Amino acid sequence: MSEQVIHVSEQDFEQQVLESELPVLVDYWAEWCGPCKMIGPLIDELADNYQGRLKVVKLNIDDNRNLSVQYNVRGIPTLMIFHDGKVQGMKVGALTKSQLEAFVNDAGVMSAAA
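The text that follows walks through the structure, step by step, so that each part is easy to find. It should be emphasised that the depicted structure is a prediction, and the values quoted were computed from it without experimental measurement.

What follows concerns the state of the cysteines. A complete count under the given rule lists one disulfide for this structure. Disulfide pairing is shown between Cys33 and Cys36; the S-S distance is 2.3 Å. Judged by the torsion about the S-S bond (80°), the Cys33/Cys36 disulfide is right-handed. Neither residue differs from the other here; Cys33 and Cys36 are each classed as buried.

By the secondary structure assignment, Lys55 is in strand 3 (residues 55–60). Asp12 provides the closest opposite charge to the buried, unpaired Lys55, separated from it by 8.8 Å. In terms of polar contacts, Lys55 uses its side chain to reach the backbone carbonyl oxygen of Gln16, at 2.9 Å. If sequence neighbours within four positions are ignored, Lys55 has contacts with Ile6, Gln16, Ser20, Leu22, Pro23, Val24 and Leu25.

Below, the discussion takes up the layout of surface pockets. Its boundaries defined by the atoms lining it, the largest pocket holds a volume of some 150 Å³. It is helix 2 (residues 34–49) that provides the largest number of residues to the lining of the largest pocket, a total of five residues.

The full count for this structure, using the stated rule, is three salt bridges. Residue Lys97 pairs with Glu45 through a salt bridge whose shortest N-O separation is 2.5 Å. Residue Lys97 is found in helix 4 (residues 97–106), and its partner Glu45 is found in helix 2; the two are separated by 52 residues along the sequence. Judged by its relative accessible area of 37%, Lys97 falls in the partly exposed class.

Here we take up the sheet that holds strand 3. Sheet architecture is open: five strands sit in the order 1-3-2-4-5, paired in mixed fashion. Each edge of the open sheet is held by one strand with a lone partner, namely strand 1 (5–8) and strand 5 (86–92). This sheet shows a mean twist of 25° between the axes of neighbouring strands, independent of strand direction. Where strand 4 (residues 78–83) meets strand 5, six bridges bridge the pair, whose relative direction is antiparallel. By the bridge assignment for strand 5, Met80 is matched with Met90.

If you look at the biggest cluster of nonpolar residues, it comprises 19 residues, and the most contacted ones within it are Phe13, Val26, Tyr28, Tyr71, Ile76 and Phe82. Every element with two or more residues in this core is listed here: helix 1 (13–18), strand 2 (24–29), strand 3 and strand 4. Among the elements that line this core, the one with the most residues is strand 2, at four residues. Residues contacting Tyr28, with those up to four places away along its chain left out, are Phe13, Cys36, Leu59, Ile61, Tyr71, Val73, Ile76, Pro77, Thr78, Met80 and Phe82. Among the nonpolar cores identified, the runner-up in size contains 15 residues, and Val5, Ala47, Tyr50 and Phe103 belong to it.

Before going further, it helps to examine the packing of aromatic side chains. Here the structure, examined in full by the defined rule, presents three aromatic pairs. When the centroid spacing of 5.6 Å and the interplanar angle of 45° are considered together, the rings of Phe13 and Tyr71 count as tilted. Placement of Phe13 in helix 1 and of Tyr71 in the loop between helix 3 (65–70) and strand 4 is noted, with a sequence separation of 58 residues between them. Among the residues examined, Phe13 registers a relative accessible area of 2% and is labelled buried. Exposure remark for Tyr71: the relative accessible area of 16% places this residue in the buried category.

Scoring rules and cut-offs
Throughout this document, residue positions are counted from 1 along each chain, in the order its sequence is written. With pLDDT at 70 or above as the cut-off, local features in this predicted model cover only qualifying residues; side-chain atom pairs require 80 or more to be listed or tallied, and sums for whole chains, interfaces and linings still use all residues. Side-chain calculation: all heavy atoms of the structure are included, whereas hydrogens and water are not. Cysteine sulfur atoms that come within 2.5 Å of each other are treated as a disulfide pair. Residue exposure (1.4 Å probe, protein chains only): buried if accessible area is under 20% of the type maximum, exposed if over 50%, otherwise partly exposed. Only DSSP runs of H or I with at least four residues qualify as helices, and only runs of E with at least two residues qualify as strands; both kinds are numbered from the N terminus onward. Positive charge is attributed to Lys and Arg, negative charge to Asp and Glu, and no charge count is given to His or to the chain ends. Salt bridge, as used here, is a side-chain nitrogen of Lys or Arg placed within 4 Å of a carboxyl oxygen of Asp or Glu. Throughout this description, a polar contact denotes any pair of N or O atoms lying within 3.5 Å of each other; where both atoms belong to protein, one of them has to be capable of donating a hydrogen while the other can accept it, and for residues adjacent in sequence the pair is counted only when both atoms sit in side chains. Contact between two residues is taken to exist if any of their heavy atoms lie within 4.5 Å; hydrogens are not considered. Detection works on a 1 Å grid of protein atoms alone, calling trapped sets that fit a 1.4 Å probe cavities and calling open sets with protein on both sides within 12 Å along at least five of seven lines pockets, with lining residues defined by an atom within 4 Å of a point. Grid points are joined across faces, edges and corners, and a volume is the space filled by probe spheres set on the points. A strand pair is defined by DSSP finding two or more bridges across the two strands. Lines fitted to C-alpha atoms define the axes here, with helix axes fitted over just the stretch in contact, and angles between the N-to-C directions of these axes take values from 0 to 180 degrees. Nine residue types can take part in a nonpolar core, namely buried Ala, Val, Leu, Ile, Met, Phe, Trp, Tyr and Cys, and a core is a set of them joined through side-chain atoms within 4.5 Å. Any Phe, Tyr or Trp ring, taking Trp's six-membered ring, that has another such ring centre within 6.5 Å forms a pair; planes under 30 degrees apart are called stacked, those over 60 apart edge-to-face, and the others tilted.

So, in structure tokens, the structure goes:
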């Protein structure tokens, strides 16, 4: 598990995500979700590669149902990119490493090689 990934809850979501100066990738997940576990290492790797340019947070939907409803999370894993307090992009389902990087880059985050 990457030290760069922050676990958030309804208590600190606003501070960690909505008020962040950096773009934020939010991974909506659950302990029982197989695809969530499958992309976990990719999320960790992304957090390390984009350190200082992208904040990566995980939100357990079972423990934070209000946020899941507020952001219309209907399936998991759901990945959302927030910037300036607004959703800039969303993907539902497990992604490959290249799909994950393309999603982040398409949302306006610099590439890992930059």
